[in-house]
Amino acid sequence: MTTHQTATDTVRNSPKPRTSRARDSIADLKSLTRDPILLTTLVVVLLLIFVFVLWPIWKVLWLSIAPKGKLSMETYKYIFGQRWLARSFTNSLRLGAIVATTSTALGFIFAFGLNRANIRCQPFFRQMALLPIISPPFMFCLSVILLFGRNGLITNKIFGMSNFNVYGLGSLVLVQTLGMFPIAYMVLDGVLQAINADLEDSALNLGASRLSVFTTVTLPLATPGLASSWLLVFVTSLADFANPMVLAGKYDVLSVQAYLQFTGMYNMPRGSALAILLLIPALTAFLVERYWVSRRSYVTVTGKPSMHSIPMVSRGVSVFCEVVCWITAIATILFYSVVIGGAFVKLWGINWTPTMEHFKYAWDVGKNSIRSTVIMAGAATPLTGFLAMVIAFLIVRKRFPGKGALGFMAMLGYAVPGTVMGIGYILAFNQPPIVLTGTGLIIILCFVFREMPVGIEAGVASLQQIDPSIEEASRNLGASTGYTFRKITLPLIKPALFAGLSYSFVRSMTAVSAVIFLVSARWNHLTALTLAQTEIMRLGAASALSIFLIVIVMVAFAVMRLLVGKEHRPTGMIPR
Amino acid sequence: MESNAKSVRLDSLTKVFIGPGNQQVVAADNVSLTINPGDLVTFLGPSGCGKTTTLRMVAGFENPTSGRVFIGGRDVTSLPPNERDTAMVFQSYALFPHMTVGENVAYGLRFRNVSKEEKEERVRRIMELVGLSGFESRQPGQLSGGQQQRVALARSLVVEPQVLLFDEPLSNLDAKLREQMREEIRRIQTELSITAIYVTHDQSEAMAMSDRIVVMNHGRIEQEGTPREVYSEPGSKFVADFIGRVNFLPGKLTGEADLSDERAAEMASWLEAGRTLYEVLIFDRRLLVEGQDSLAQVAGATSGRVLVVCRPEAATIAGANESISPDAHVTGRIVKAMYFGSHMEYGIVLEGGSEFTLIDFNPAKSQPLSVGDTAGLRFDEASLHALPEGR
C-alpha cells in the first residue's frame, strides 16, 4: 500500500479527454492496426486479465448462484436463514467500520502531528508509522497472545489473571488498527502535505483563531482524504484473514467462515457464497472511494510541499499528538520485541530459559516452505513488475478503445479480497483447459495478478512525470515503439519500478488470504506454515518463522536498493 | 554535409479532435501548403491556432482526420513517425536523461545503418557545428538551458533528415539567449540547406528566421508569404494586428489612382503583381494607398469603406502647436510620450477620437513633444496598405 493512494490519484486524474464513442474509437482502431506491436500487446494483456482475474471471480459467483449447475438462490437463503452464518456478515462489516474509524483517527493524528503540529522525533515516527506494513501476518496476533493470553506477560504475570479471554472483537480491533493505520497515515500524510500552507496562513491573517483555521480550512480540505482513508482501511479489514483466523474466537467473520466452509466442510457453494458476500461490500467501498470520494478532492498536487514557519496548533494539541505517537510507537516496538523474545525462550510464560530450539525446529519444518516461498515470490515479482509497467504504459501513453475498462479490470485484483481470489483460482484451474491446482505456478500467478495493481499505480505515477516528448523524440529519430519502451521508457521508470517490485515482493512473502487455498504439500507458503504452528500453539516456532520472514524481507529490500542505482532526473521542463 | 533537402507538401490537412462533451474541435482546417526544398518556413499564430498540430501531423504524431502529407513527393500520411525521415526539436528538448550527451546525439544513428567510424565522425562534426565539442560525456542534466537546446539541435541534425521540425524550441530560454540561438539555428539551417518547419508564436522570431511565414488562426492559414509581404501587405486585419504593431484608419475608396499623375505613376511602378494603387479618403485627405486588385470590387459592397493599415513608423510628426506644417494630413493631441533611447513613442488622439501610435526614430535630432501638445501627422503613403472593411 506504500504507493497506493498517491498513485490512485494519478490514475484518476490522468488527463483523458472524454472521447466520442464511435468516431474516435474508429480512428483509434485505425492507428492500432498501424502499430502491430501495440495491438499484440493489448490482446495479450486483455487475455491474461480475462483468464486470471475475471474468469476466477466469475467462477466463484457462478458456483454461489448455481450450486448444482442451475440458477438458484438456495445457498444465500440458507446463509441468511442461519444466524451463525448471517452473523459473520454483520460481524465483518462491524469490525471493518470500527477499525476503519480507529485507524483513520490514529492515522490522522500521526499525519497531523508530523505535518502541522511540529512534534519532535519526526523521522522516528515516520519510520514507526510505516513499519507495520512489512510485518508478517500473525505477527501482531502472536504478540497479543504472548502479552494478553492465558500465559500472557501482562495479563497473567503482571496482573495475575488466569482466565482472561484474549480472543474476540477487542483484540481484533487492536491488532488490525495497529497493522492498518499506516494505510490511513499514508493517505492523510499526502493530503496534508498537498494542502497549500498559504491557505491556512491567509485564514490566520484574516483573523481566524488556530482552532477556526483547523475547523474551517484544514479539516474541510482534508475531508475527502479522510473518507478515502476510511474506505481503504474498511476494505483491508474486510479482506483480512490472518488476524481473525487466529484471534477472532467466537466472533465469526466472512473471510474465516468462507475458508472453513470451503476447505474444512468441503461445502464449496456455501464457501463461494460467503466469499461473494465479502466481495460485495469490499468492491462497493473500493468503487465509492475511487469514483466518488476522490473526485471530490479539492487538493491539487503541486509537487512542492509548502511549509509553515509557525506552528498551526496550540501547545496542548501538539503534546497530545506526540503522546499518541509515542504510545503507538512503543506498542509497535513492544509487539515486535515480544515476538523476538518469544522465539528465544523455551516456553513463554512458564519456562523462560533461553533457547535456540524453536529456530532449529522452525528450520527443520520450514526450510522447504521457506525455499518455495522465496522461489514463488521471487518468480512472481519480476513478472508483476514487467506486466504492471506495460499496462501502466498503455494506460498513460496510448489511445485505444476500452482503455478505461482495461484500467479498471487491472485494478480489480486489488479490490477483490484474497479469499475470493483464492477460491476463484481453485475453482477455475482445477479442471481443463487449465489445470494448475497443486502447482507452484498457480500461486505465482495469483501473486502476479493480485500485486499488479500496486505496480501499475507506481508506473502510472512515474510515467506521468516523464515528458511524453522524450518518447516522441525517440520515435521521431527512428526507433520503433518496442525499442522506445525498452531503451527510453523502462530505464526512466526504473526507480518506481523497483519500488513497486520490492513492495510486491513483500506482499507476496506475507500473503495469506488467497494463498491459504492454493498451497500444497510440495508448494507450501511460509505464512501457511506459521498459521499451522500458531493453531497448534507452538508459538515459539511461529515466532521464529516470523523472524525468518522479516529477515528475508529486509535482505530483499537491501538488494533492491542496490539494484535501483541512481535516479535520472528529467532535464528541461515539462511544457504547459 | 550532403544536402538531403526535400520539399514538403500538405494537401488539405484537417484534424478534428473530440473535446469534452463530445464537442468537435477543429485544430487544423483544410491546411494546404507547399514548402520548397531548403526553405525555412515558420508557422506563426496565437496559441491554439493549429500550428503545433499541423507540425505533429508532418512528424506523424497525429493522424490527420483527412488530407495527405507528402515529403519529397512521397505520400507519408500512413507512415508511423519512426519511418518518416523527419527530425524534431522539441520545446522541452526531450533529451534522454539517462544517456550522455554523446549517446543522445548518436541515438538516431542507431536506426540508420551507419558504421561505428562514420557514427563517431558524424557526431564529432555535428558537435563542432553546434559548438559543443568536448561535452560528449556529460549528462544532459549538467548542461545549461542553451546547451541542452544545442544538444537537441545536434541530435536532430546528425541524422541528416529530409525535414527538420521545430516546435517552439526557444520558448524556454531567456530573451538574450533566444536571439542568439535563433541566429545560430538559421545559420546552421542555411549552411546545411535543410528544409525546416518552425513553429512559434513569437513574431519577431518568425521575421528574423524565415524564408516564408505561414500565419495561422483558428486552424486555418490566414496568409502565407515572405516576412516582408506579411508585414507590409497583410491580407487581413488579423495578420496586420498579429505581426508587428499597427494602427487601423478608416478610409473611403473613391477609385483607382490617376496614373497620368507623375507621382501616382511612380508609386504604381513599385507595386507587385496583383496590387493596384487606389485613391482613398482618409480624414478627408485624398491619399494614394495600395491594395489587392479586387479591393475596389469588394469595397463596393460597403459603399467604398476600407481599412487602412498604418504601421507606427509609417507616419511622421509634421510640426506641433502653432507651427503645424501645411503638409500634415491630420492633427491630434498627444496623450502619451515615452522615450526609449532609440526611438520616441507617442500616443496621439486624432480627430474622431481614435488613438494613434506613432514611433519617431532617432528622437535626438528633433525636439521631443510632450503630453498635451497638438501635433500634425503626415502619413507615408508608400507604406500604407488598404484592406476591405471587416476583414
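Relevant structure appears above.
Please read these numbers as outputs of a predicted model, since none were measured by experiment.

### Some details on the nonpolar core
Core analysis: the biggest nonpolar cluster contains 239 residues, and Tyr425 and Ile456 of chain A have the highest contact counts within it. The element best represented in this core is helix α9 (residues 169-194) of chain A, accounting for 14 residues. When residues no more than four places from it in sequence are discounted, the contact partners of Tyr425 of chain A are Phe52, Pro56, Ile442, Leu445, Cys446, Phe449 and Leu518 of chain A. Listed in part, the 30 residues of the second largest apolar core include Leu253, Val306, Phe379 and Ala386 of chain B.

### Observations regarding the packing of helix α16 (residues 357-397) of chain A against helix α17 (residues 403-415) of chain A
Residues and elements named next belong to chain A. Interaxial distance between α16 and α17 falls to 10 Å at its minimum, and their mutual angle equals 150°. It follows from the interaxial angle that α16 and α17 lie roughly antiparallel. Once α16 is placed against α17, the crossing between them reads as left-handed. On α17, the residues touching Ile391, Leu394 and Ile395 of α16 are Lys403, Leu406, Gly407 and Ala410.

### Some thoughts on the pairing of strand β8 (residues 195-200) of chain B
All names here are of chain B. Of all six residues that make up β8, six are buried, and the element is covered over most of its length. Burial along β8 is two-sided: Thr195, Ile197 and Val199 and Ala196, Tyr198 and Thr200, pointing in opposite directions, are all buried. Taken together, the five bridges between strand β3 (residues 40-44) and β8 define a ladder with parallel strand orientation. The partner of Leu40 across the bridge, within β8, is Ala196. With five bridges connecting them, strand β7 (residues 163-167) and β8 associate as parallel partners. Bridge pairing links Val163 to Thr195 in β8. With respect to chirality, the unit in which β7 leads through helix α5 (residues 175-192) into the neighbouring parallel β8 is right-handed.

### Here's the deal with the side chain of Glu345 of chain B
Residues and elements named next belong to chain B. Of note, Glu345 is situated in strand β17 (residues 343-350). Among the polar contacts listed, one links the side chain of Glu345 to the side chain of Arg245, at a separation of 3.0 Å. Those residues in contact with Glu345 that sit more than four places away from it in its chain are Arg245, Lys336, Ala337, Met338, Phe340, Thr357, Leu358 and Ile359.

Quick notes on the rules
Residues numbered from 1 in each chain as written. Chains lettered and ligands numbered in written order. Predicted model: local features only at pLDDT ≥ 70, side-chain atom pairs only at ≥ 80, totals over all residues. Heavy atoms only, no water. Core = buried A, V, L, I, M, F, W, Y, C linked by side-chain atoms within 4.5 Å. Buried < 20%, exposed > 50% of the residue type's maximum accessible area, 1.4 Å probe, protein only. Helix = DSSP H or I, 4+ residues; strand = E, 2+ residues; numbered from the N terminus. Contact = heavy atoms within 4.5 Å. Axes fitted to C-alpha atoms, helices over the stretch in contact; angles between N-to-C directions. Parallel < 35°, antiparallel > 145°, perpendicular 65-115°, else oblique. Left-handed = near helix turned anticlockwise from the far one by under 90°. Pairing = 2+ DSSP bridges. Right-handed = clockwise from strand over helix to strand, strands pointing away. Polar contact = N/O pair within 3.5 Å; in protein donor to acceptor, adjacent residues only side chain to side chain.

Function cannot be read off these values alone, since they describe shape.
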